[in-house]
Amino acid sequence: MAYLSSVLTRPAPVKCPVEDLQIKTEKREIGGQPSLPCKDVWVHVEETDPNNMLRKYRARAGQLVFEDFLRTEYSEENLLFWLACENYKKITRVTEMTVAAKKIYAEFVQVDAPRQINIDCVTREEIMENLSQPEPNCFDRAQRLIYSLMENDCYPRFLKSEMYQVLLEQA
């Protein structure tokens with residue numbers, strides 16, 4: 001319980017400038033193994049629902065532990081980008097969408113960005129062209145690439161990590 005408590009009570013890490021990343025996760029199992037949360041599984045748990053408080057606590061803990069794991073592999077930008085894109089899709093006002101798209105681009109997509117994600121130049125150029133008139137799907141291609149990278153590379157290693165084993169023991 002000590003590790004889990006330290007994760008949940010530690011000072012907040014530097015957040016992505018786009019949004020306060022408060023996406024929650026649910027555990028989903030496929031073939032007895034937890035799978036990487038995806039759009040239909042990453043859900044916002046309502047603050048007012050007392051029945052979901054434990055699930056919310058565990059979901060937040062799982063997300064933070066996965067983020068910690070990615071940080072040890074120097075790849076937390078993948079999760080932060082994915083979460084930023086999910087929040088971006090919720091924006092409805094065009095002016096807010098334009099500002100948020102430029103922030104995501106500057107933080108994650110442009111060459112030499114502070115948290116540059118590993119995507120091909122065609123995808124990077126496509127995003128750059130869409131910045132003048134961004135739409136909710138502006139980052140979809142890059143988001144799919146990053147999700148696939150996490151699902152096939154980082155997440156299987158996370159499931160074998162000591163961090164994940166500690167989380168399971170404390171859940």
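Attention in this report is confined to the structure presented alongside it. On a predicted model such as this, the values are computed, not experimentally measured, just so you know.

### Considerations on the overall build of the chain
Phase 1: Secondary structure assignment for the chain yields 7 helices and 2 strands.
Phase 2: What you see in the chain, going N to C, is helices and strands ordered as α-β-β-α-α-α-α-α-α.
Phase 3: Residue burial in the chain is summarised as follows: out of 171 residues, 47% are buried.
Phase 4: A separation threshold of at least 6 residues defines the contact pool for the chain, and within that pool the share at least 24 residues apart is 64%.

### Some words on the state of the cysteines
Here, disulfide denotes a covalent bond that connects the sulfur atoms of two cysteines.
Phase 1: If you walk through the whole model with that rule in mind, you get 0 disulfides.
Phase 2: The cysteine Cys85 is free of any disulfide, with Cys138 supplying the nearest cysteine sulfur at 8.5 Å.

### A word on the pattern of salt bridges
Phase 1: Under the definition given, this model contains 9 salt bridges.
Phase 2: Between Lys89 and Glu86 there is a salt bridge, and its shortest N-O distance comes to 3.4 Å.
Phase 3: With a relative accessible area of 25%, Lys89 lands in the partly exposed category.
Phase 4: Judged by relative accessible area, which is 12%, Glu86 ranks as buried.
Phase 5: Several salt bridges converge on common partners, so that one network encompasses Glu67, Asp68 and Arg71.

Cut-offs applied
- Residues numbered from 1 in each chain as written.
- Predicted model: local features only at pLDDT ≥ 70, side-chain atom pairs only at ≥ 80, totals over all residues.
- Heavy atoms only, no water.
- Helix = DSSP H or I, 4+ residues; strand = E, 2+ residues; numbered from the N terminus.
- Buried < 20%, exposed > 50% of the residue type's maximum accessible area, 1.4 Å probe, protein only.
- Contact = heavy atoms within 4.5 Å.
- Disulfide = S-S within 2.5 Å.
- Salt bridge = Lys/Arg side-chain N within 4 Å of Asp/Glu carboxyl O.

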